[in-house]
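Take a look at the letters that make up each chain.
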Amino acid sequence: MRREPGYRIRKTDRIGSAGRRASFKLSGIPLSPGTILGTAYQAEPFKPSFYRLGISRHEVSQEMRRFEAAVEQSRQQLTGIRKRLEALVGKDRAYIADVHLLILEDHRFRTEIERRIVDRLYSPERAIRETAQEWLSIFRSLEDPFFQERGSELQDVEDRLLANLTEVNGKTGLIPEALILVAPEVTLSVLADYELERIKGLVVTRAGTASHVTIIARSYQIPMVSGIENLIEHILTGDTILVDGDEGVVYRNPTRTETEHYHSSQSGRVKRPDAGAPDSTPGMTADGRPVYLYINTESESEVLTGLKQGAEGVGLFRSEFMFVKNRAATARARPAVPPVLSEQAQFESYRSLAVAAGSKPVMLRTLDTGEGTLPVQAQAGFEQSWLGLRGIRLSLKYPEVFRLQLRALLRASAFGNLNIMFPMVSSADEMIQGRETVQAVEAELEREGVKLERRVEVGVMVEVPAAVFTLDAILEHADFAAVGTNDLIQYTLAAGRADDLVSDLFSPLHPAVLASLKKVADACARANKKAYVCGEAASHPLYAYILIGLGFQHLSLHLHGVAYLKSAIRGMSYQAARRHANHLLKLPTFKAVNQFVQEHLESQWKGLAQA
Amino acid sequence: MKRTRAVSCQPSARFLHPSSFILYSFVVLRRIIRLENRFSLHARAAARLVRTASRYQCEITLAALDNKKETDAKSILGVMLLAGCGGTELQITAEGADEEAAMVELLRLVEENFEDHDETRTGLSDPQN
């Protein structure tokens, strides 16, 4: 399906007159909650399909001026983007715009283009394309995917230059007041091209749960859905779309019923509390079962905000982010020796984390590399499955890195309530080895005269099915368990969450996943150990309801969801949740579970949430 | 010193023969630095390095000793490619009027792991500067 030439957005809302294109439902991954109805706008980079190949000699100076003007315009745009990015994500992360500016300035790049125009009489379009493609092919020839990815910055600059050359600009004049950005991939610079107040929703094919764009969407409460393939075929600029960031669903040209349903659920929805309205009362169901909410985070700065939103602590602190933030990115495609960050640097980071959380517990996950832990520029490989050397295995293989992290952690533990958990544990053996390392480091520190005032709890992350089945043995050596639902689902069902072809399968409602979760809750209850859930699933009120029903009382989620989930839980009945969960466990098929949830729970949860 | 081509991962034409070190080291300023690991020169670090180098008049060359690639330190594409070729041992060569000041600042930058302390200089390409 091609975009019609000269197709323009109508500013008027086209609900009701949507007969031109059939209504259609697309399923993806929910990344930022909320629902929005609006006009789609494709943020496709502009590529001129036709341009002159050659110019004649007397046109050279004129064409050179045209090229200079495009460079100047790109420079101004990028300078503006850098300013906006600095306001959005801070100076630290705005460097992407800086890289683009430098590429624009790169004298070798410029000289090569100019030579093609002046000496070879190429049109500027052809000169830019050819030069950029030549450089890109060198980037592609690099062995390391992390650096290959750098080529995308050059691609961005090429697109910008070509668009400015063809005078397809004045974008702001064209785009409507309220739009839903639709693009295979939204980079930070694309996002900064628009005024953020105008963006009401985001639909993309690729984005990591921890990418900068996702983080911005969440903090600005812009509903966002990812993981939809062939977006450009399905949604055109001007289509009216309904984005449901809670369910991860997008409706193109929604029917009247779907729209009405949206409006009614809007009015019935639990009001998203403002940042200024914190909820410090403990979480509890309507019938008095306490449910403690924690935040998942990777930055110390989010901890205070999280506690203000009513969180009881940090259920998951992704320590590897610190390694990424600090000068080195963790290796992704191939396991490599993790970058070493000095003990002191780690210690200072952990200490500020511990101090920020005060007496509230912080569960710090030791170095893990995997999906969702990558910086935005390293997203390309995020679809791949993460088997093999990662998590505790990686730490045990590189004991020096592990020891450094543990030393920093244990030293910082005196400043707050810092605890440790090991990712990717697949047997009691690994747990024992990890625990022994902790004890060895403790002894080492004591020999050095460092006083360890409190006993640090050491927990296990249940992410691999093997850990589910050996949990009783593991728990003999662990102080608590934390389920990482995303990984557990992925490894249990052999289905990646970004894989569109099996995305239907990727659900906490699959009978095997439900049974695993139940097994974990039971094992922890038997051993009298706390069971945390810290995957995306915990942030969804419906899944939270089922988790509570299965027996979990400690849920950890993104900080912006805490206040919302807390008020939703207040409307839930634990007794009913337990009955429903037990019923779900007895259902034989995935289809039956889904059907039951749709028929009984979705409406029930919405009803409860209204109360 | 004429530079014609981008860094590529094919063996470079400008092979760095050990004897040339001895010869040149009397004429130009040359220092060898070690990066913490092969990811140290990530995009942000590369941007910072290029920005710093561009502030000086002198010619600054960056060479990866492990694989004999080199690039103009004022070209971001070149520096990003050099980083991508692997190698943690780099040689900085500065040649020109302000070479000493340039070298001092570049070494400081590497020493501080490309961390940012002086954000007042936003750079050359900012027309408002």
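Residues numbered from 1 in each chain as written. Chains lettered and ligands numbered in written order. Predicted model: local features only at pLDDT ≥ 70, side-chain atom pairs only at ≥ 80, totals over all residues.

Visitor: Any chance you could explain the overall build of chain B here in plain terms?
Guide: Of regular secondary structure, chain B possesses four helices and four strands. Along chain B, helices and strands appear, N-terminal first, in the series α-β-α-β-β-α-β-α. Looking at the 129 residues of chain B, the share that counts as buried comes to 39%. Contacts in chain B between residues at least 24 apart in sequence constitute 71% of all its contacts with a sequence separation of at least 6. (Helix = DSSP H or I, 4+ residues; strand = E, 2+ residues; numbered from the N terminus. Buried ≥ 20, exposed ≤ 12 C-beta atoms within 10 Å, placed from the backbone. Contact = placed C-beta atoms within 7 Å.)

Visitor: Is there a simple way to explain the overall build of chain A in this structure?
Guide: Across its full length, chain A holds 25 helices and 16 strands. Of all 611 residues assigned to chain A, the portion counted as buried reaches 51%. Taking the intrachain contacts of chain A between residues at least 6 apart in sequence as the baseline, contacts between residues at least 24 apart amount to 71%.

Visitor: Got a minute to help me understand the environment of Arg-435 of chain A in this structure?
Guide: All names here are of chain A. As for its placement among the helices and strands, Arg-435 is situated in helix α17 (residues 428–447). Owing to 18 C-beta atoms within 10 Å, Arg-435 belongs among the partly exposed residues under this scheme. On a C-alpha basis, the gap between Arg-435 and Val-458 in space is 7.2 Å, while along the polypeptide they are 23 residues apart. Other than its neighbours up to four places away in sequence, Arg-435 contacts Val-458 and His-477.

Visitor: What is the right way to look at the sheet that holds strand β6 (residues 224–226) of chain A in this model?
Guide: Sheet strands pair via backbone hydrogen bonds, and the direction of the pair is either parallel or antiparallel. Residue and element names in this part refer to chain A. One open sheet accounts for eight strands, arranged β1-β8-β7-β3-β4-β5-β6-β2; its pairing is mixed. Edge positions in the sheet fall to β1 (24–27) and β2 (29–32), since each of these pairs with one other strand and no more. On average, adjacent strands in this sheet sit at an angle of 30° to one another, irrespective of strand direction. (Pairing = 2+ DSSP bridges. Axes fitted to C-alpha atoms, helices over the stretch in contact; angles between N-to-C directions.)

Visitor: Please explain the sheet that holds strand β1 (residues 29–34) of chain B as it appears in this structure.
Guide: All names here are of chain B. Across the sheet, which stays open at both edges, the four strands sit in the order β1-β4-β2-β3 with antiparallel pairing between neighbours. In this open sheet, the two edge strands, each paired with only one partner strand, are β1 and β3 (69–72). Neighbouring strand axes in the sheet, compared pairwise and without regard to direction, differ in orientation by 20° on average. The sheet contact formed by strand β2 (residues 59–64) and β3 spans four bridges and is antiparallel. When the bridges of β3 are listed, Thr-61 appears paired with Asp-72. Most of the contacts of helix α3 (residues 76–84) go to β3, to which it runs at about 160°, and overall it touches β2 and β3.

Visitor: Help me understand the packing of helix α2 (residues 43–54) of chain B against helix α4 (residues 99–111) of chain B, please; the structure alone is not making it clear to me.
Guide: When two helices pack together, their arrangement is given by the angle between their axes and by how far apart the axes lie. Residue and element names in this part refer to chain B. The contact between α2 and α4 brings their axes to 10 Å, and the two run at 165°. Considering their axes alone, α2 and α4 lie roughly antiparallel with respect to each other. In this structure, α2 meets α4 at a crossing whose hand is right-handed. Contacts between α2 and α4 involve Arg-48, Leu-49, Thr-52 and Ala-53 from the former and Ala-102, Glu-105, Leu-106 and Leu-109 from the latter. For the contact of α2 with α4, the per-class residue count stands at five nonpolar, one polar and two charged. (Parallel < 35°, antiparallel > 145°, perpendicular 65-115°, else oblique. Left-handed = near helix turned anticlockwise from the far one by under 90°. Nonpolar A, V, L, I, M, F, W, Y, C, P; charged D, E, K, R; others polar.)

Visitor: In this structure, what is going on with the confidence of the model for chain B? I would like to understand it.
Guide: Any region with low pLDDT has predicted coordinates that should not be read closely. All names here are of chain B. For chain B, per-residue confidence averages 72 on the pLDDT scale, and 67% of positions sit at 70 or higher. Predicted confidence in chain B is weakest over helix α1 (residues 18–24), with a mean pLDDT of 48, and strongest over β2, with 91. Predicted confidence is poor over residues 1–16, with pLDDT under 50, and the contacts of this stretch with residues over four places away or in other chains come to 28 contacts. Confidence drops under a pLDDT of 50 for residues 117–129, and excluding neighbours within four residues, the segment shows 13 contacts in the predicted structure. If you check the scores for this complex, the pTM reads 0.49 and the ipTM reads 0.72. (pLDDT = per-residue confidence, 0-100.)

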